[in-house]
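# Descriptive structure summary
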Amino acid sequence: MPGDWARCPKASASMLEKGRSTAQQKWIVVSSHRYNHVCGLNIHPQHAMLITLTVRSSRTNAKIAFIAEPTECPLREHVSGIQVENTIDKSQERILYDSRHKMAGWNTFKILGILVPAIAVILALARSGIWPNGLFPIKSNAKAEVSHPKIYTLSNDPVVVYVKDFINAEEAAGLVALTKGRFSPSPMWDNDGKPHIDKAYRHSMTARLDRTDRVIKTIEARARSFPFYSDVGDFMPIVVQNYGTAGQYRDHYDWFDDANVVGGNIASTFFVYIHANCTGGGTNFPRLTPPDDESWCEFIDCDRPLDEGVTFKPILGSAVYWENLNSDDTGHIRTLHAGMPVSSGNKMGMNMWTWKKV
């Protein structure tokens, strides 16, 4: 689109100033692929040969200046220098190349005229996040989100621990994404290990995740690193429970009555909140004693009656850990717990069960 320079006012002002004394100047649109504007100026090669591109998108506003490819005749003058200047997110980076010798003919300059603009544009797009990061990794000032778990011990018999920020928001979103297309009605398990559906008692959906996924491997390794974790077996297949409005799981245990029948038992449980856009939906332990320290009210619903035990609030990224078995491997009756009804919204929790063989 020759002449269509009004769409790039910042670029046009710079280009007109540079090309004011030239014998030939015209405005051209270099490209419009995926971006709002990419505009440039082609000046006769006997003059300054300076092109300025302004690349604008929703994520960046980068200005790139470089020497253009001659269009009519070889350049027989000295090249004083090439300067590329990017301005992205208030950080500036300059790349200078200075060549003070004569070009060895038209072919050399032609190659340079193609490569320099291409590299400059690629650099700008990579820094802006538009270009795939895997192809040209560029060091950024942005830091990846890191989880810094904090541990709060609620009970020693049974062991019950609250872990604040067990996972970060990025990991939680990744886990939610892994559940897509995997949900089916949540089963209940008889003492002989056989599943059945009872929506009046357990109303939710369950998705089994792939333990070979990088995010899950990272989370499992983090879980094993906690000093309170009793590493007596391997994690069972990781599952996510999805509770919509009115979703719940009434009082139940995670352990089986007779470990010999099923070949083992669930020694411990991590329940991790990976989505918590809801009201209600707390995790209630009716046989645990509420703490006296009011600081626990950040994690526990302190408005509930004391005789209802302890109800953990569904807080994104946090987890509750408890050990299901006594020292003699029988089930601990104080680990009775329930997923309280979700009043509105949606809650998703990930179960990480440690299986201890007989």
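- The chain is annotated in an unreviewed UniProt entry as Prolyl 4-hydroxylase alpha subunit, putative from Byssochlamys spectabilis.

## Considering the sheet that holds strand 18 (residues 283-285)
- Read from one edge of the open sheet, five strands run 12-16-21-18-19, paired in antiparallel fashion. If you trace the sheet from one side to the other, it starts and ends with strand 12 (202-203) and strand 19 (310-312), each paired once.
- Where strand 18 meets strand 21 (residues 337-339), two bridges bridge the pair, whose relative direction is antiparallel. Pairing of T283 across the sheet is with G339, part of strand 21.

## Things to note about the environment of L175
- Topologically, L175 is positioned in helix 3 (residues 169-178).
- Spatially, the C-alpha atom of L175 lies 9.4 Å from that of H275, the residues being 100 residues apart in sequence.
- Setting aside chain neighbours within four positions, we find L175 in contact with I167, L209, V215, I216, I219, I274 and M350.

## Quick look at the packing of aromatic side chains
- Counted under the stated rule, the structure contains 20 aromatic pairs.
- Note on Y162 and F312: the rings are 5.7 Å apart at their centroids and 10° apart in plane angle, and the pair reads as stacked. Taken together, the positions of Y162 in strand 8 (residues 159-164) and F312 in strand 19 put the pair 150 residues apart, joining distant regions of the chain.
- The exposure class of F312 is buried, given its relative accessible area of 0%.
- Look at F270 and Y321: their rings are 4.7 Å apart centre to centre, the planes differ by 50°, and that puts the pair in the tilted class. In this pair, F270 sits in strand 17 (residues 264-280) while Y321 sits in strand 20 (residues 319-323), placing the two residues 51 residues apart along the sequence. Y321 matches F270 in its accessibility class, with the two residues each being buried.
- By the ring-pair criterion, three or more aromatic residues cluster together here, those being Y152, Y162, F285, W296, F299, F312 and W322.
- Seen from the ring of Y243, K347 lies directly overhead, with NZ or CZ sitting 4.5 Å from the centre.

## Brief notes about the packing of helix 3 against helix 4 (residues 214-225)
- Two elements in contact, helix 3 and helix 4, have axes whose closest approach is 10 Å; the angle formed by their N-to-C orientations is 125°. Comparing the axis directions of helix 3 and helix 4 gives the class oblique. You can see that helix 3 and helix 4 cross each other, and the crossing is left-handed. Each of E171, L175 and L178 in helix 3 lies in contact with helix 4, whose residues at this interface are V215, I216, T218, I219 and R222.
- Of the residues contributing to the contact of helix 3 with helix 4, the split by class is five nonpolar, one polar and two charged.

Scoring rules and cut-offs
- Residues numbered from 1 in each chain as written.
- Predicted model: local features only at pLDDT ≥ 70, side-chain atom pairs only at ≥ 80, totals over all residues.
- Heavy atoms only, no water.
- Pairing = 2+ DSSP bridges.
- Helix = DSSP H or I, 4+ residues; strand = E, 2+ residues; numbered from the N terminus.
- Contact = heavy atoms within 4.5 Å.
- Phe/Tyr/Trp six-rings, centres within 6.5 Å; stacked < 30°, edge-to-face > 60°.
- Buried < 20%, exposed > 50% of the residue type's maximum accessible area, 1.4 Å probe, protein only.
- Lys NZ or Arg CZ within 6 Å of the ring centre and 35° of its normal.
- Axes fitted to C-alpha atoms, helices over the stretch in contact; angles between N-to-C directions.
- Parallel < 35°, antiparallel > 145°, perpendicular 65-115°, else oblique.
- Left-handed = near helix turned anticlockwise from the far one by under 90°.
- Nonpolar A, V, L, I, M, F, W, Y, C, P; charged D, E, K, R; others polar.

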